[in-house]
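# Summary of structural features
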Amino acid sequence: MPELPEVETIVRGLASCILNKVIAHVDVNLPRMVTPAPPLFEAMLRGQTLRACERRAKYIVFTLDHGYQLIVHLRMTGRFMYAQADDAAPPYSHVHFRFTDGTQLFFADTRTFGRMRIVEPDEAWAAGLGVEPLSPEFTVNALHALCKGRTTPIKTFLLDQRHIAGIGNIYACEALWQARIAPSTPAGNLKPAARAALHAALQDVLERAIHMRGTSARDYVDAEGLKGGFQNVLTVYGRHGQACPRPRCGGSIERSVLAQRGTWWCRRCQR
DNA sequence: AGGCGTACCTGAGGGC
DNA sequence: TGCCCTCAGGTACGCC
């Protein structure tokens, strides 16, 4: 389901709903989703206050009183749902939190790929993640250094979270279209102008998507059940056979497969 | 080291 | 109607 803009939207919504609430009770219905295994997982959360709710890449990071953190990855269909005291559990609810004021937080996930993990205060759980694409550290020069010498297709490179962390299939396709770069171009072969265009396109696409509260291509809704709006302005993702939206291009969007992922692009203006 | 294929799951949608 | 196939916003792991 979610890439950086969707996770950012979820985190902002959660922060407004649950910050400083005290966890009264936790129930895990699908043990393989959580680490450590229940019942320790529940015990480590019970009685804790949620002191922070932040995003790193596509991860949601809750900081607890005792300094441990709860790290959540939604993978494809994971979803947080904030609910009032007497609301029933949604379908596919696998982890249930109840706060001392009676309100609830459900973690629902149709495909059950989502994962939650409690990490120690000084644990380097994010050590393998690349740079945040909207941070000051992500400069054109930084992008150059990361791409240098790589033969892997630029789209595959963008999806690799060890280099830049937070971009997924939708925004990789959209940014490459905006920068007029063919998805199969070897990352190390990008000319300086193309690298600069890609850098600008990535930041622009991600910022616009956050502003529109993410993309609801199929399932995605935020913690309050609201859909995003970016699906209404997608240029290429999922638009196989349609005309390229670039003025006077005249090409049409095709779908190919790169790194086992659907890839939408315009052969005419992306080179 | 880096790139590729497969595995993990369920549901939606298209073709026949 | 219903069966069968493909596809889906992601990552981990094993193999070369």
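This text goes with the structure placed above it.
The structure displayed is predicted, hence computed values, not measured ones. (Residues numbered from 1 in each chain as written. Chains lettered and ligands numbered in written order. Predicted model: local features only at pLDDT ≥ 70, side-chain atom pairs only at ≥ 80, totals over all residues. Heavy atoms only, no water.)

### Focus on the pattern of salt bridges
Opposite charge on two side chains permits them to pair, given that their charged atoms come into close proximity. Counted only if it meets this: Any carboxyl oxygen of Asp or Glu within 4 Å of a side-chain nitrogen of Lys or Arg constitutes a salt bridge here. To qualify as a helix, a DSSP run of H or I must reach at least 4 residues; to qualify as a strand, a run of E must reach at least 2; elements of each kind are numbered from the N terminus. Buried, partly exposed and exposed residues are distinguished by accessible area as a fraction of the type maximum, computed with a 1.4 Å probe on protein chains only: under 20%, between the cut-offs, and over 50%, respectively.
The full count for this structure, using the stated rule, is 11 salt bridges. With a closest N to O distance of 2.9 Å, Glu132 and Arg56 form a salt bridge. Here Glu132 is found in the loop between strand S9 (115-119) and helix H3 (140-147), whereas its partner Arg56 is found in strand S3 (residues 50-56), with 76 residues between them in sequence. Its relative accessible area of 14% is what places Glu132 among the buried residues. With a closest N to O distance of 2.9 Å, Asp204 and Arg208 form a salt bridge. Taken together, the positions of Asp204 and Arg208, both in helix H6 (residues 192-211) and 4 residues apart, correspond to about one turn of that helix. With relative accessibility at 29%, the residue Asp204 sits in the partly exposed group. Here the residues in one salt-bridge network are Glu8, Arg12, Arg55, Arg56 and Glu132, joined through shared partners.

### Quick notes on the protein's contact with DNA strand B
As a reminder, the rule being used: One heavy atom within 4 Å of a molecule or strand makes the whole residue count as near it. Counted as a polar contact is a pair of N or O atoms within 3.5 Å, where, for protein atoms, one must be capable of donating a hydrogen and the other of accepting one, and residues adjacent in sequence contribute only when both atoms are in side chains. The nonpolar class holds Ala, Val, Leu, Ile, Met, Phe, Trp, Tyr, Cys and Pro. Asp, Glu, Lys and Arg form the charged class, and all remaining residues, Gly among them, are polar.
In the neighbourhood of DNA strand B, the contacting residues comprise Arg32, Tyr92, Thr110, Arg111, Thr112, Phe113, Arg150, Thr151, Thr152 and Gln260. One of the side-chain nitrogen or oxygen atoms of Arg111 is found 2.7 Å away from a base oxygen of DNA strand B. At 3.4 Å from a phosphate oxygen of DNA strand B is found a main-chain nitrogen or oxygen belonging to Thr152. Counted by class, the surface near DNA strand B contains 2 nonpolar, 5 polar and 3 charged residues.

### A look at the environment of Ser256
The criterion, for reference: Contact between two residues is taken to exist if any of their heavy atoms lie within 4.5 Å; hydrogens are not considered.
Along the chain, Ser256 falls in strand S10 (residues 253-258). Among the residues examined, Ser256 registers a relative accessible area of 26% and is labelled partly exposed. In this structure the C-alpha to C-alpha distance between Ser256 and Asp109, which are 147 residues apart in sequence, comes to 28 Å. Beyond its immediate chain neighbours, meaning those up to four positions away, Ser256 contacts Arg261, Gly262, Thr263 and Trp265.

### Here we look at the nonpolar core
Keep this limit in mind: For the purposes of this section, nonpolar cores are sets of buried Ala, Val, Leu, Ile, Met, Phe, Trp, Tyr and Cys residues that join through side-chain atoms within 4.5 Å.
In this structure, Ile154, Phe157, Leu158, Ile164 and Leu198 are the most contacted members of the largest nonpolar core, which totals 39 residues. At the level of secondary structure, the elements contributing two or more residues to this core comprise H3, helix H4 (154-159), helix H5 (169-178), H6 and strand S11 (261-266). Ranked by size, the runner-up nonpolar core spans 33 residues in total, among them Val26, Phe80, Val95 and Met116.

### Details of the packing of aromatic side chains
Note the following rule: Centres within 6.5 Å make a pair out of two Phe, Tyr or Trp rings, where for Trp the six-membered ring is used; the pair is then stacked when the planes are under 30 degrees apart, edge-to-face when over 60, and tilted otherwise. Either the NZ atom of lysine or the CZ atom of arginine qualifies as a charge over a ring when it sits within 6 Å of the ring centre and within 35 degrees of the ring normal.
Going through the model one piece at a time under the given rule, you end up with 5 aromatic pairs. With a centroid separation of 5.3 Å and an interplanar angle of 65°, the aromatic rings of Tyr59 and Trp125 are classed as edge-to-face. Of this pair, Tyr59 sits in strand S4 (residues 59-64) while Trp125 sits in the loop between S9 and H3, placing them 66 residues apart in sequence. The exposure class assigned to Tyr59 is partly exposed, which follows from its relative accessible area of 24%. Relative accessible area serves as the criterion here: at 18%, Trp125 is assigned to the buried category. Residue placement shows Arg246 over the ring face of Trp177; its charged tip is 4.1 Å from the ring centre.

The analysis is restricted to geometry; functional conclusions fall outside its scope.
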